[in-house]
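One letter stands for each residue in the lines below.
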Amino acid sequence: MSKASTKKRTMKARKKRPTVPVENPDVSYDFEEDGFDKADDSIASDGEEDSDNERKRQKLVEAISSLGGARRKKITGERSEPALQKSEFTVNAEGEGVKIKLTDLMKSMDKISAVSAKAKKQLKKLHQSKKTVECPVTTQERERIQRDVAFQKVAKEVTQWQSVIQKNHKAEQLVFPLNQEPPGPKAVERVVMSWKAQTPLEQEIFSLLSANNQPTTDPILTPTEEASMKAMSLSEVKMRRAELQKARALQSYYEAKARRERKIKSKKYHRVLNKAKRKDFLKQFDEMVKKDPAGALEEMNKMEVARMQERMSLKHQNSGKWARSKAIMAKYDDGARKAMQQQLEVNKDLTQKLAVAVCSEDEEAEIPETLPDFVNEAPQGTDSNPWMKGKLSEDPAENGKEADDVAPQSTGIAPVTAAAAEEEEEEESDVEETEEESLLREFDSRRKMRQDSEPLQVGKEDSQMELNRNAPVLKESEDTSVPLLEGQTDQMETFEYMELLNQVESVQAETASVEPQPSSDRVPQKQKKGIELKDVLTKDANPLLVPLAPTAAATEDSDETLDQTGLIREAFAGDDVISDFVKEKKKQANADKPRVVDLTLPGWGEWGGSGLRPSLKKRRRFRVKTGPPPPRKDDRRPGVIISEKRNGSLSLHQLNSQPFPFTSPAQFESTLRAPVGRTWNTERTVKKLTKPEVLTRLGAVIEPMAREELTKDKDARAGDWSGEKIKINF
Amino acid sequence: MHRSFRLCSAYLTRGFLNWSLCILFIFLPNVIVPQYNYFHFKMKVKVLSRNPDDYVRETKLDIQRVPRNYDPTLHPFEVCREYTRALNATKMDRVFAKPFLASLDGHRDGVNCMAKHTKSLSTYLSGSCDGEVKVWNLSKRECLRTIQAHEGFVRGMTVRFCGTSFFTVGDDKTIKQWNMEPPGYGEAEEPLNTILGKTVFTGLDHHQKEGVFATCGQQVDIWDEKRSSPIRSFTWGVDSFSSVRFNPVETELLASCASDRSIVLYDMREAAPLKKVIMTMRSNTLCWNPMEAYYFTSCNEDYNLYTYDMRYLNQPVTVHADHVSAVLDVDYSPTGREFVSASFDKTIRIFPKAAGRSREVYHTKRMQHVICIKWSADNRYILSGSDEMNIRLWKANASEKLGVLSPRETEATNYRQKLREKFKHFPQIRRIAQHRHLPKALYHQSLELRTMKEACRRKEKNVRTHSKPGSVPVLSEKEKHVVSVVK
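This structure is a prediction, so every number in the text was calculated from the model and none was measured.

A few words now on the overall build of chain B. Within chain B, the regular secondary structure consists of seven helices and 29 strands. Pairs at least 24 apart in sequence give 48% of the contacts found in chain B among residues at least 6 apart. A total accessible area of about 24,600 Å² is found for chain B, and carbon and sulfur atoms account for 54% of it.

The structure is reproduced here in structure tokens:
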């Protein structure tokens, strides 16, 4: 607020103050004015005190108040503060010299709540600070600062590219153009789009086409389709593909496993498997009862339903086609009988009420009715027809034993009741574990036997072990007929093998007697017949360690090698190669030895002439002897002579100094050591090693690097991190 | 036995028998393993049998598969053998180095500027000192179109990023935009747009993605294609700029060469320039690396080229020396790994981006001062426009075989390349690989230059030895050429 305006205000306030007691209705006060009024009080109080003035003013005020309309005009005149032209009459010279300070104004501020505390604080701070405002910077300086700021910004922006540039710098191979389009045919529409009708004929055809609403520029893919195609980024696709691959592999693995299991023909195996499954299920069910009664109830219901269905259907009754055929066969075939029994068991199991394990009498009674009598009879012709059992021949002793075993069974259990079957079942379930184990072992052993039997080289001990292993099986399977039979066949097989083995051994013994030790004895003979140093050399030589290539022919037969060695001996009869070589090497070594250089000059400093020799002192002084030479490189290699002379023609091709980026000769040599060519490397390695640094596509425009590379790089780096976390093991 | 062996070997040498037969020959009487044999002589024939799939090719066009044993002991002297191959490869490389492909003549004055089409590889534009602009087809090596674009020189030209039109500036103070398509039959060659400027324009470049271009002359102006007055003008105490180039990667950045020996950087978005570096001599033109956002190379009157990192202008990253006269133009290969420079000394040189010396020099008897140069967008060719009105087409890789290579050829060239690289330090190979024939005058000039440099060095050394220690600092080659950096 300028000085003049504040003065005017004070004056105005002073005029207004006395009006308050008068209560002039024309004058209205707003809050602010009132505030200023109070503030002005204090200003007025220090200056003017005399009553004369007061009186005059009172008068004036009264006069003004009586004037009415005139006064109003005046007020409006006063309000136009920023007027350039000011009447001299309106200016009050009173209190001219009094300076108004900021504090005076602020006092009033304190009382006004409308002014924010923040503004107040700022004002106060302004009041307290005694600094002067700095001069604005010069234009040049300002521009310089602006430039610097802009440059810093740009430099920071550009530095983002550093990682991309460094990556490209380190890359083994760069492929340009950078953002290559996916290979494959382009949409015809897209190709057509770029082409435009130019000649009148073309335009005419085009107009015709468009008139007939022929599609000329319809894209094949809708925008949404295109968007969806682009939606998946490369990394995502890779991840997804890997996942799918894994899933597919797992699936195929399980399928293969299932197929394998399905292919196993052994009924026993399946029976065991089913039993195991059932047992598993029961276990689970027990657990379920404890943990999840509701689920267990559901399971129970399911079973109940299955039972009901079973009762309704004739599925496992002996009325089916298969069952009837089996029933016919059962008379002769033990297996068929067994199968039938099993089916009945299944039926019983299924129709049995779960909670009540009591088997009712009528059910039991029913079963034999449906069954023909002969089903459960012991087969009479089993022994007489060995083919039915799948075994070849039997040892009479074993046969007798078996017959003994079988006989009481067949006589005792002629009318086998269901109860008996149940008993058997129970028994089985008791021994189930052991039986399964034994079965597995059986399979194992049989497979081994098969493998062993092929080469026909089973030792006697092995077969014995086999027998031992089979023994518990025999013991176990005594109570049931079928395992017993199985065991017997096994045993039979082993016996057969034994026989075969004996045969082989006898044959071998025969051959041995005919040709005692065909191979082992012959080898030393052959070695004796090879070239012997003593025969060849006329003189002793240092032992040479030359690796001999083992030849197949040499170990195989004698007559031919005899000829060969004879030939060689004949061919090199006169040559003493090795001793020659040794001699040559010695000569070379001697030639390379440093010689004593005689620099004595006869007659120099003493008498010379025929018969006079330089003095011993001179000779000692002028004969230059060099130190012992460094050890020769071929000292330890008897088969080689290494020349240590510098070869002029070779040195042309040799490096004189270490090339720049390398720090040691070894480092440099390491870059040369591994060959790159296809003579030394496989095709794939060669391709890898000779990969060109830059690969460009023929006829492709290489665009400058686009901003997408930056985002791609960032994505890749982010992807690397996430990739580490995910890491699929396969 | 030995007879059979000999016979066998004879067959082998003639290629009559395959190995299995041969083995049979050898082993026939040898191996006897009797078991259940009641003949009077006991024998068993062992024959090596092989799966024909391993060695029989499917079609006669396939290469014969030769099973190899890669045991290193069987193939000794690998380094020596590869060295010989490398030497041969190097020699072959030099023998086949025939870089000159074609000369495009038709201009009636010196070729002052060139521009490459942004989309088509075969289309090139050139402007000459008599104001003529020609559009060339490189594959046919013929001129497609001639336009009398300006009066006086065509100072600069550039193709719009979409390749549909191009801009030219000339000595007649105009900027003209032309359609890339030739006018229809019977129509006159008319520019799409003409902007009349107040002063002469000396250079021109177009933005990479937007309809914005920059010119230089008395000041650097940024123009919107749709307006006839510049949207922004940059001045910084200089009144003459020789060239302006947009950064192709960070597309809003520009750099220009000014007559006060400075290179000035700009940001199109800012009101003021960013920074400038003043060198000992004037830079003629510059080129940004298209793959590395912050590197650019400027060609200087002092026979050198300088690669700068725009963030650190106080000294160049690399000084590229080899020319023996002022360097007039430079262009980067689209892969950003090399650049080519044209010089007043009538040669073209190719420099790897980080090397101080050129890897290649091209010259012909007839080529005079090379004024402008371009590297084709497929990284295979180089075009040079020179004083004697010709545009020359060169191979970027002198000994490269052109056209489609069969896979075997590619493999062989890759292998040769690798070998050359592997043994490049060996004196013989280095000698052959580095040898270039230079015209006598040029050769002597380079020798002279070397002597001069040596003399300078010696003198400086003498001054240093005879003055107070530390008063004459040792300046590296990089530091020597920068006078100051103005912020």
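Turning next to the interface of chain A and chain B. Contacts between the two partners involve 66 residues from chain A, matched on the other side by 68 residues from chain B. A combined buried area of about 6,000 Å² lies between chain A and chain B, and 61% of that area is made up of carbon and sulfur atoms. Sorting the residues of chain A by area buried against chain B places Arg-147, Phe-151 and Trp-680 of chain A first, and these three jointly supply 13% of that buried surface. Here Glu-250 of chain B ties to Arg-707 of chain A by a salt bridge, and the two come within 2.6 Å at their closest N and O atoms. At the surface where chain A touches chain B, the tally comes to 20 residue pairs in polar contact (both at pLDDT 80 or more). Its residues assigned to classes, the side of chain A that touches chain B comprises 34 nonpolar, 15 polar and 17 charged.

For the structure shown, the criterion picks out 43 salt bridges over all chains. Note that Lys-167 of chain A and Asp-713 of chain A form a salt bridge whose closest N and O atoms lie 3.6 Å from each other. Pair noted here: Lys-167 of chain A is in helix H9 (residues 162-170) and Asp-713 of chain A is in helix H32 (residues 707-726), with a separation of 546 residues, a long-range link. We classify Asp-713 of chain A as buried; its relative accessible area is 4%. Residue Glu-703 of chain A pairs with Lys-119 of chain B through a salt bridge whose shortest N-O separation is 3.6 Å. Placement of the pair is Glu-703 of chain A in the loop between strand S4 (694-696) and H32 and Lys-119 of chain B in the loop between strand S2 (111-116) and strand S3 (123-128), with the two residues belonging to separate chains. Because the salt bridges share partners, they merge into one network encompassing Arg-678, Glu-683 and Lys-687 of chain A together with Glu-411 of chain B.

Further remarks concern the confidence of the model for chain A. Residue and element names in this part refer to chain A. Mean pLDDT over chain A works out to 69, with 54% of the residues at or above the 70 mark. Contacts from residues 73-77, a stretch scored under 50 in pLDDT, to residues over four places away or in other chains number zero contacts. Note on residues 356-384: pLDDT under 50 across the span, and 37 contacts to partners over four residues away in sequence or across chains.

All names here are of chain B. Mean pLDDT for chain B: 90, with 91% of residues reaching 70 or above. Residue range residues 1-37 is modelled with pLDDT below 50. Its contacts to residues more than four positions away, or to other chains, number 41 contacts. Reported confidences for the modelled complex are a pTM of 0.56 and an ipTM of 0.86.

Here we come to a nonpolar patch on the surface. A cluster of nonpolar side chains, Trp-195, Leu-201, Ile-205, Phe-206 and Leu-209 of chain A, forms an exposed patch at the surface whose accessible area comes to about 460 Å². As for its placement among the helices and strands, Leu-209 of chain A is situated in helix H11 (residues 200-211).

This paragraph deals with the packing of helix H16 (residues 321-329) of chain A against helix H17 (residues 334-351) of chain A. All names here are of chain A. Interaxial distance between H16 and H17 falls to 8 Å at its minimum, and their mutual angle equals 140°. Looking at the two axes, H16 sits oblique to H17. The handedness of the crossing between H16 and H17 comes out as left-handed. Packed against H16, whose contacting residues are Trp-322, Ala-323, Lys-326, Ala-327 and Met-329, the element H17 presents Ala-336, Ala-339, Met-340 and Gln-343 at the interface. When grouped by side-chain class, the residues that make up the contact of H16 with H17 number seven nonpolar, one polar and one charged.

This part takes up the sheet that holds strand S8 (residues 174-179) of chain B. Residue and element names in this part refer to chain B. Strand order in the open sheet formed by four strands is S6-S7-S8-S9, and the pairing between neighbours is antiparallel. At either end of the open sheet lies a strand with only one pairing partner, and these are strand S6 (154-159) and strand S9 (193-196). Taken over all neighbouring pairs, the strand axes of this sheet differ in orientation by 15° on average, direction set aside. Strand direction decides the pairing type here: S8 and S9, joined by four bridges, are antiparallel. Paired with Ile-175 across the two strands is Ile-195, which belongs to S9.

Take the sheet that holds strand S11 (residues 212-216) of chain B next. Residue and element names in this part refer to chain B. A sheet is described by the order of its strands in space; here four strands give the open sequence S10-S11-S12-S13, paired in antiparallel fashion. In this open sheet, the two strands that pair with only one neighbour each are strand S10 (203-206) and strand S13 (232-234). For this sheet the average axis-to-axis angle between neighbouring strands, irrespective of direction, equals 20°. Of the pairings in the sheet, the one linking strand S12 (residues 220-224) to S13 comprises three bridges and is antiparallel in character.

Right, let's get into unusual backbone geometry. At the junction of Phe-176 of chain A and Pro-177 of chain A, the peptide bond is cis and its omega measures out at -10° in the coordinates. The residue Pro-177 of chain A is located in the loop between strand S1 (174-176) and helix H10 (188-194) in this model. Here the phi dihedral of Phe-77 of chain B falls at roughly 60°; this positive angle occurs in a residue that is not glycine. With a phi close to 70°, Lys-346 of chain B is a non-glycine residue in the positive phi region. One can find Lys-346 of chain B in the loop between strand S23 (338-343) and strand S24 (348-352). Owing to a relative accessible area of 35%, Lys-346 of chain B belongs among the partly exposed residues under this scheme.

Cut-offs used in this document
Residues numbered from 1 in each chain as written. Chains lettered and ligands numbered in written order. Predicted model: local features only at pLDDT ≥ 70, side-chain atom pairs only at ≥ 80, totals over all residues. Heavy atoms only, no water. Helix = DSSP H or I, 4+ residues; strand = E, 2+ residues; numbered from the N terminus. Contact = heavy atoms within 4.5 Å. Areas by Shrake-Rupley, 256 points an atom, 1.4 Å probe, with all protein chains shown as cover. Buried area = accessible area lost by both parts, 1.4 Å probe. Salt bridge = Lys/Arg side-chain N within 4 Å of Asp/Glu carboxyl O. Polar contact = N/O pair within 3.5 Å; in protein donor to acceptor, adjacent residues only side chain to side chain. Nonpolar A, V, L, I, M, F, W, Y, C, P; charged D, E, K, R; others polar. Buried < 20%, exposed > 50% of the residue type's maximum accessible area, 1.4 Å probe, protein only. pLDDT = per-residue confidence, 0-100. Patch = residues over 30% accessible without salt bridge, like charges linked within 9 Å, V, L, I, M, F, W, Y side chains within 5 Å. Axes fitted to C-alpha atoms, helices over the stretch in contact; angles between N-to-C directions. Parallel < 35°, antiparallel > 145°, perpendicular 65-115°, else oblique. Left-handed = near helix turned anticlockwise from the far one by under 90°. Pairing = 2+ DSSP bridges.

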